[in-house]
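# Structural overview
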Amino acid sequence: MVKRVFDILLVVATAPLWGMLLLGCAGAVLLCCGRPVFFTQQRPGFQGKPFLLRKLRTLREGPGSDVDRMTAVGRFLRSTSLDELPELINVLRGEMSLVGPRPLLMQYLPRYTPEQMRRHAVKPGLTGWAQIHGRNALSWEEKFAYDVWYVEHGSFWLDLRILALTVWRVVTRQGINADAETTMTEFMGTANKDSV
């Protein structure tokens with residue numbers, strides 16, 4: 001309950017700031033790429049229950065890899081994490097929290113080990129313990145280990161620390177991409193799944 005109240009209060013209190021940023025970024029996407037301005041996709045939330053995630057669109061429509069379809073505006077939005085701003089609406093709706101494991105793809109659910117699946121024991125977050133430890137520079141297994149650690153050790157004070165460090169990571173743009181790729185490679189499951 002404390003976590004939920006904190007999420008609402010912080011999002012509402014900062015609404016004038018992020019609201020203006022969102023409008024400006026949405027306008028840039030509209031001028032650069034046209035409609036739709038928002039990217040929406042079903043993601044697993046608390047206990048794996050699906051919800052509709054919202055982001056600012058960073059890729060052009062059409063065939064090709066993410067690298068080929070990435071726009072200059074999209075590259076800037078991703079490098080500054082401004083493409084994540086619409087997820088604050090998901091936080092207000094109670095589908096996400098400010099801090100928690102990042103919501104990934106629905107098709108990953110059957111690929112998790114039982115230990116990795118524990119990341120869904122809490123609401124997904126806008127940022128999380130894995131994000132401040134390397135974000136996309138981490139391997140999937142490292143990322144999931146950080147997620148499970150957060151599930152076991154999460155607290156109000158830890159959330160404050162994660163939020164503060166997230167601001168620093170965004171300002172310095174650390175850990176945005178995995179090597180030269182635009183996004184993380186697809187998670188295909190952990191080798192020796194039964195022994196993990």
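Residues numbered from 1 in each chain as written. Predicted model: local features only at pLDDT ≥ 70, side-chain atom pairs only at ≥ 80, totals over all residues. Heavy atoms only, no water.

## What to know about helix α2 (residues 15-33)
Its 19 residues give α2 an end-to-end C-alpha distance of 26 Å, which sits within 8% of 27 Å, the value for a rise of 1.5 Å per residue. Among the residues of α2, W18, L22, C25, A26 and V29 are the ones counted as buried. Along the long axis of α2, the arc covered by the buried residues comes to 105°, so they all point the same way. Opposite the buried face of α2, at more than 90 degrees from it, the exposed residues are P16, L17, M20, L23 and L31. Downstream of α2 by a residue or two, G34 has a phi angle that is positive, lying close to 80°. (Helix = DSSP H or I, 4+ residues; strand = E, 2+ residues; numbered from the N terminus. Expected span 1.5 Å × (residues − 1). Buried < 20%, exposed > 50% of the residue type's maximum accessible area, 1.4 Å probe, protein only. Arc of directions from axis to C-beta.)

## Here's the deal with empty space enclosed by the protein
Evaluated as defined, the whole model comprises two cavities of 30 Å³ or more. Each pocket or cavity is described by its volume, and for the largest cavity that value is around 40 Å³. As for the largest cavity, its lining consists of P44, G45, P101, R102, P103, R119, H120, V122, K123 and P124. Here the residues of the lining of the largest cavity sort into five nonpolar, two polar and three charged. Along its surface, the second largest cavity is lined by K3, F6, D7, V99, F156 and D159. When residues of the lining of the second largest cavity are traced back to their parent elements, those giving at least two are α1 (2-13) and α8 (156-172). A per-element tally of the lining of the second largest cavity places α1 first, with three residues. Classifying every residue of the lining of the second largest cavity gives three nonpolar, no polar and three charged. (1 Å grid on protein atoms, 1.4 Å probe; cavity = no way out; pocket = protein on both sides within 12 Å on 5 of 7 lines; lining within 4 Å. Points joined across faces, edges and corners; volume = space filled by probe spheres on them. Nonpolar A, V, L, I, M, F, W, Y, C, P; charged D, E, K, R; others polar.)

## Examining the pairing of strand β2 (residues 50-56)
Sheet topology places strand β1 (residues 38-44) next to β2; seven bridges connect them, and they run antiparallel. Its bridge partner lying in β2, R43 is registered against F51. Connecting β1 to the antiparallel partner β2 that follows it, the hairpin turn spans five residues, and Q47 within it adopts a positive phi of roughly 60°. (Pairing = 2+ DSSP bridges.)

## Points about the state of the cysteines
A full pass over the atoms with the stated rule returns zero disulfides. Free cysteine: C32, not disulfide-bonded; nearest cysteine sulfur from C33 at 3.4 Å. (Disulfide = S-S within 2.5 Å.)

## Examining the side chain of D147
Structurally, D147 is set in helix α7 (residues 140-153). Setting aside chain neighbours within four positions, we find D147 in contact with P101, R119 and A130. (Contact = heavy atoms within 4.5 Å.)

## Quick look at α7
Taking 1.5 Å of rise per residue, the 14 residues of α7 would be expected to cover 20 Å, and the 20 Å separating its terminal C-alpha atoms lies within 8% of that figure. Among the residues of α7, those classed as buried are W140, K143, F144, D147, V148 and Y150. Seen end-on, α7 carries its buried residues on one side only, within an arc spanning 155°. Summarising the contacts, the buried residues of α7 are in contact with α1, β3 (97-99), α6 (114-117) and α8.

## Description of the packing of aromatic side chains
This structure, assessed with the given rule, holds ten aromatic pairs. Seen in terms of ring centroids, Y108 and W140 are 5.5 Å apart; in terms of plane orientation they differ by 80°. Their pairing is edge-to-face. Taken as a pair, Y108 in the loop between β3 and α6 and W140 in helix α7 lie far apart in primary sequence, 32 residues in all. Residue Y108 is classed as buried on the basis of its relative accessible area, which comes to 4%. Summarising the aromatic geometry, the rings of F156 and W157 are spaced 5.3 Å apart at their centres and angled 70° between planes, so their arrangement reads as edge-to-face. (Phe/Tyr/Trp six-rings, centres within 6.5 Å; stacked < 30°, edge-to-face > 60°.)

All we've got here are geometric facts, nothing functional implied.
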